[in-house]
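# Structural characterization, general
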Amino acid sequence: MLLPGNMMSWRQFEAVIPLLEKQYHVIAVSTDGYDDTGKTTFTTAEAMAEKLEQYIKEEQDGAIDLVLGESMGGATAGMLFHRQKVKVGAMILSGPQYMNLGVFSWVLTAIVPRSQYNLTKKIQSVDKLPWMLRLYTRGDDQKLLNQFQYVAKNISLATLENATKEALRLYPVIDTFAPDPEAKVAIWYGSNEPNIKKAMQKLKRAYPNAQDHPFVGYGHGDIIGHPDVMARDIIVFMKS
């Protein structure tokens, strides 16, 4: 079972691993750019998939039962699953929002990564949220602060920019996939997840028998804060 890390690093999954490893061998991978060393940069989902394939060939006899991609990590998980250069039995995409804004997508790539980078550095250096963000969260300060503390300490602006570009590229790539009704896929999302309707249309076209699984009361990324729920549903999915 492979859990590739992304924006919040593999440390997000630390609380899930003990709940799963009683039944499964769990590998939580910190991908390029998110490994806390500052010596790597995330480039593309395909390049990361190639590295994971090499590891699976060398260490797991070329096969793995499940790959789970959270948020932007869904691009890497999706690429690994689609390429099938190694045997991947199943895939869970958690929070696979459709981010493409058409001609306005440049706004995301130009503004969002830099804002994330500056905000992350500021929060990590003072261990508290800026007052404007505290006003916006309206009482959820600690939860958001905890999420930012998971971000790799030496993450680069280039990594964030490339990850955003890959997230934007995910669905145009999926549009080129031939429908695969045999693929074992689950799609997780918060019940109020923004932009999920368009994502579901595209994912269901690529994977007609994909399980549609909304988590009522959870939002984007929130499910990781509930490891017992996450572990339970992974186990149910793997046994179904």
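Note that the coordinates shown come from a computational prediction; the quantities given were computed from them, not determined experimentally.

On to the overall build of the protein. Looking only at helices and strands, the protein has nine helices and six strands in total. In the protein, buried positions account for 50% of the 240 residues. The contacts of the protein with a sequence gap of at least 6 include a subset with a gap of at least 24, amounting to 77%. On the protein, roughly 11,900 Å² of surface is accessible, and the fraction owed to carbon and sulfur atoms is 54%.

In this section: a nonpolar patch on the surface. A contiguous nonpolar surface patch, about 490 Å² in accessible area, is contributed by Leu101, Val103, Phe104 and Trp106. With respect to the helices and strands, Leu101 occurs in the loop between β4 (87-94) and α4 (105-126). Using a relative accessible area of 46% as the deciding quantity, one classes Leu101 as partly exposed.

Quick look at unusual backbone geometry now. When glycine is set aside, most residues are seen to have a negative phi, and most peptide bonds are trans. We note that Ser71 has phi near 55°; this positive angle belongs to a residue other than glycine. Locating Ser71 in the fold gives a position in the loop between β3 (63-70) and α3 (73-83). What makes Ser71 partly exposed here is its relative accessible area of 24%. Positive phi outside glycine occurs at Gln84, with the angle close to 50°. Among the secondary structure elements, Gln84 is positioned in the loop between α3 and β4. By relative accessible area, which is 39% here, Gln84 ends up partly exposed.

On to the nonpolar core. Side chains that are nonpolar tend, in soluble globular proteins, to be buried together. In this structure, Leu2, Val67, Leu80, Phe81, Met91, Val185 and Tyr207 are the most contacted members of the largest nonpolar core, which totals 35 residues. Contributions of two or more residues to this core are made by β2 (27-29), α2 (45-59), β3, α3, β4, α7 (157-174), β5 (184-190) and α8 (196-206). Other than its neighbours up to four places away in sequence, Phe81 contacts Val67, Val88, Gly89, Ala90, Met91, Ala183, Lys184, Val185 and Tyr207. Within the second largest apolar cluster, 24 residues are counted, among which are Val26, Ile92, Ile234 and Ile235.

What follows covers the packing of α3 against α7. Packed helices, taken two at a time, are described by the angle between their axes plus the distance between the axes. Between α3 and α7, whose axes approach to 8 Å, the crossing angle comes to 40°. Compared by their axis directions, α3 and α7 come out oblique. For the element pair α3 and α7, the recorded crossing hand is left-handed. For the pair α3 and α7, contact is made by Gly74, Ala75 and Met79 and by Glu166, Arg169, Leu170 and Val173, respectively. Tallied by class, residues from the contact of α3 with α7 come to four nonpolar, one polar and two charged.

Attention now goes to the packing of aromatic side chains. Scanning the entire structure with this criterion turns up four aromatic pairs. On the basis of an interplanar angle of 55° and a centroid distance of 5.3 Å, the ring pair of Tyr98 and Tyr171 is categorised as tilted. Taken together, the residues Tyr98 in the loop between β4 and α4 and Tyr171 in helix α7 connect sequence positions 73 residues apart. Accessibility classification places Tyr98 together with Tyr171 in one group, the buried group. Summarising the aromatic geometry, the rings of Trp188 and Phe215 are spaced 5.1 Å apart at their centres and angled 85° between planes, so their arrangement reads as edge-to-face. Separated by 27 residues along the polypeptide, Trp188 in strand β5 and Phe215 in strand β6 (residues 211-215) bring together distant segments of the chain.

Let us now look at the environment of Tyr189. Here Tyr189 is to be found in strand β5. Take Tyr189: its relative accessible area is 12%, and that puts it in the buried class. Once the C-alpha coordinates of Tyr189 and Ile223 are considered, the two residues, 34 residues apart in sequence, prove to be 8.5 Å apart. In terms of polar contacts, Tyr189 uses its side chain to reach the side chain of Asp212, at 2.7 Å.

Take α7 next. The end-to-end C-alpha distance of α7 is 26 Å, a good match for the 26 Å that 18 residues give at a rise of 1.5 Å each. Of all the bends in α7, the greatest reaches close to 30° and is centred on Leu168; the proline Pro172 follows between one and four positions later. Regarding α7, the residues found buried are Leu157, Thr159, Leu160, Ala163, Thr164, Glu166, Ala167, Leu168, Leu170, Tyr171, Val173 and Ile174.

Parameters at a glance
- Residues numbered from 1 in each chain as written.
- Predicted model: local features only at pLDDT ≥ 70, side-chain atom pairs only at ≥ 80, totals over all residues.
- Heavy atoms only, no water.
- Helix = DSSP H or I, 4+ residues; strand = E, 2+ residues; numbered from the N terminus.
- Buried < 20%, exposed > 50% of the residue type's maximum accessible area, 1.4 Å probe, protein only.
- Contact = heavy atoms within 4.5 Å.
- Areas by Shrake-Rupley, 256 points an atom, 1.4 Å probe, with all protein chains shown as cover.
- Patch = residues over 30% accessible without salt bridge, like charges linked within 9 Å, V, L, I, M, F, W, Y side chains within 5 Å.
- Salt bridge = Lys/Arg side-chain N within 4 Å of Asp/Glu carboxyl O.
- Core = buried A, V, L, I, M, F, W, Y, C linked by side-chain atoms within 4.5 Å.
- Axes fitted to C-alpha atoms, helices over the stretch in contact; angles between N-to-C directions.
- Parallel < 35°, antiparallel > 145°, perpendicular 65-115°, else oblique.
- Left-handed = near helix turned anticlockwise from the far one by under 90°.
- Nonpolar A, V, L, I, M, F, W, Y, C, P; charged D, E, K, R; others polar.
- Phe/Tyr/Trp six-rings, centres within 6.5 Å; stacked < 30°, edge-to-face > 60°.
- Polar contact = N/O pair within 3.5 Å; in protein donor to acceptor, adjacent residues only side chain to side chain.
- Expected span 1.5 Å × (residues − 1).
- Bend = angle between axes of the 7 residues up to and from the residue.

By themselves these figures say nothing about function.
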